[in-house]
Amino acid sequence: MPLFIISLPALMEKIKINDKTFAPYLRNNRIQAEIQRLASEINERHRGKKIAFLPVLSGSFLFFADLVKHIELDFEVHFVKYKSYIGTDTTGKVQKLLSPPANLNNRVAVIVEDIVDTGNTLKSIIPDVENAQPDELNICTLLLKPEKYDAFYPVNFIGFEIENDFVVGYGLDYDEAGRGLQHIYKLSNN
Ligand code: IMP
């Protein structure tokens, strides 16, 4: 006699990280569906070309790992690290901790961000990548806060446009905590 186990989806509840409460925002299955769409867009746009992915550490590590599972192109990976946030606020100053390679000739460079907020981090990364002279430069981000981004450079591949809430989970941190959460949560007032 077969045994049927009905599994109910895990309920998403509010969580507490240090002094702050976060409410459920984007479920992992929704995130994965958007990642597949983004990968298809990249595959279609760059068919036959060689890609140099530049994932921005640390926040993009989970997003990037899931994205490349669906990439059908020839690609290289060059992690870069630029840091601007402390707690839930941008410092405005961007520290460069790991630079892109000096030469990206004959490749399409794709900067992979977890989230584009003010765009300050991109403002530091883009000139460094342009100096490496790729054939083309694209930006791919899982999340974009359109009200805060001054759109100085086009973002070519966008997972979700979100409001100005501080979010955590799926690679994004609050003071280095919460990166391992599989769903994304947003800061809540209670
Ligand atoms: P920007 O330089 O203001 O565009 O911010 C980019 C970086 O700040 C991202 O790569 C994140 O590391 C961090 N960041 C911006 N908004 C959030 C957020 O809501 N949660 C967690 N980190 C964020």
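Before reading further, recall that the structure is shown in the block above.
Residues numbered from 1 in each chain as written. Predicted model: local features only at pLDDT ≥ 70, side-chain atom pairs only at ≥ 80, totals over all residues. Heavy atoms only, no water.

1. What about the nonpolar core?
In globular proteins that are soluble, nonpolar side chains generally tend to be buried together. Quick note on the threshold: In these notes, a set of buried Ala, Val, Leu, Ile, Met, Phe, Trp, Tyr and Cys residues joined through side-chain atoms within 4.5 Å is what counts as a nonpolar core. The classification of residues rests on relative accessible area computed with a 1.4 Å probe and restricted to protein chains. Under 20% of the type maximum is buried, over 50% is exposed, and intermediate values are partly exposed.
Ranked by size, the top nonpolar core spans 28 residues in total, and within it F53, F63, L67, L142, L143 and I184 carry the most contacts. Judged by nonpolar contacts, the second largest core, of 20 residues, contains V56, V80, Y82 and Y149.

2. Here we look at the site of the ligand
Definition in use: Nearness of a residue to a molecule or strand requires only that one of the residue's heavy atoms be within 4 Å of it. Counting of polar contacts relies on pairs of N or O atoms within 3.5 Å, with two restrictions inside protein: one atom must be capable of donating a hydrogen and the other of accepting it, and residues adjacent in sequence are counted only when both atoms are side-chain atoms. Accessible surface is estimated by sampling points in the Shrake-Rupley manner with a 1.4 Å probe; for residues, cover comes only from the protein chains shown. Where helices and strands are cited, they refer to DSSP runs of H or I of at least four residues and of E of at least two residues respectively, numbered from the N terminus. The nonpolar class holds Ala, Val, Leu, Ile, Met, Phe, Trp, Tyr, Cys and Pro. Asp, Glu, Lys and Arg form the charged class, and all remaining residues, Gly among them, are polar.
In the vicinity of the ligand lie 17 residues, with E113, T118, G119, T121 and V167 positioned nearest. Within the side chain of T118, one N or O atom sits 2.5 Å away from an oxygen atom of the ligand. At a separation of 3.0 Å, an oxygen atom of the ligand approaches a polar side-chain atom of K145. Within the complex, 93% of the 490 Å² of free accessible area of the ligand lies under protein. Those elements that place two or more of their residues in the shell around the ligand are β5 (80–86), β7 (108–116) and α3 (120–131). A per-element tally of the shell around the ligand places β7 first, with 4 residues. Here the residues of the shell around the ligand are counted per class, giving 6 nonpolar, 5 polar and 6 charged.

3. Here we look at the packing of aromatic side chains
The condition that has to hold: Here the aromatic set is Phe, Tyr and Trp, taking the six-membered ring for Trp, and pairing holds for ring centres within 6.5 Å; pairs whose planes are under 30 degrees apart are stacked, those over 60 apart are edge-to-face, and all others are tilted. The criterion for a charge sitting over a ring is simple: Lys NZ or Arg CZ within 6 Å of the ring centre, and within 35 degrees of the ring normal.
Enumeration according to the criterion identifies 8 aromatic pairs in this entry. Centroid distance F22 to Y174: 6.0 Å. Interplanar angle 55°. Geometry classified as tilted. A residue pair is termed long-range when its members are at least 10 positions apart, and F22 in strand β2 (residues 20–26) and Y174 in the loop between β10 (167–168) and β11 (184–188) qualify at 152 residues. Consider the rings of F53 and F64, whose centres lie 5.4 Å apart with planes at 65°: the pair is edge-to-face. Of this pair, F53 sits in strand β3 (residues 50–57) while F64 sits in helix α2 (residues 61–68), and the two are 11 residues apart along the sequence. Exposure class is identical for F53 and F64. Each is buried. These aromatic residues form a ring-pair network of at least three members: F53, F64, F75 and F79. Directly above the aromatic system of F152 lies the positively charged group of K123, at a separation of 4.9 Å from the ring centroid.

4. Here's the deal with the sheet that holds β2
Here is the rule: One bridge is not enough; two strands pair if DSSP finds at least two bridges between them.
Overall, antiparallel pairing links the 4 strands, which are arranged β1-β2-β11-β10 in an open sheet. Only two strands of the sheet have a single neighbouring strand rather than two, namely β1 (15–17) and β10. Looking at chain direction, β10 and β11 are connected through 2 bridges and run antiparallel. Counted as the bridge partner of V168 is Y185 from β11.

5. Points about unusual backbone geometry
Negative phi characterises most residues that are not glycine, and trans characterises most peptide bonds. Look at the link from L57 to S58: it is a cis peptide, with omega at 0°. Mapped onto the elements, S58 comes out in the loop between β3 and α2. Positive phi outside glycine occurs at N18, with the angle close to 50°. Residue placement: N18 occurs in the loop between β1 and β2. In the Ramachandran plot, Q133 falls in the positive-phi region, its phi being about 50° despite a non-glycine side chain. Within the secondary structure, Q133 is located in the loop between α3 and β8 (136–144). Using a relative accessible area of 55% as the deciding quantity, one classes Q133 as exposed.

6. Section: the pattern of salt bridges
Rules: Salt bridges are identified by distance alone: a Lys or Arg side-chain nitrogen within 4 Å of an Asp or Glu carboxyl oxygen.
A full pass over the atoms with the stated rule returns 17 salt bridges. Of the charged contacts in the structure, one is a salt bridge between R47 and E72, with a shortest N-O distance of 3.3 Å. Residue R47 is located in the loop between α1 (28–45) and β3, and its partner E72 is located in the loop between α2 and β4 (74–77); the two are separated by 25 residues in the primary sequence. Judged by relative accessible area, E72 falls into the exposed class, the value being 57%.

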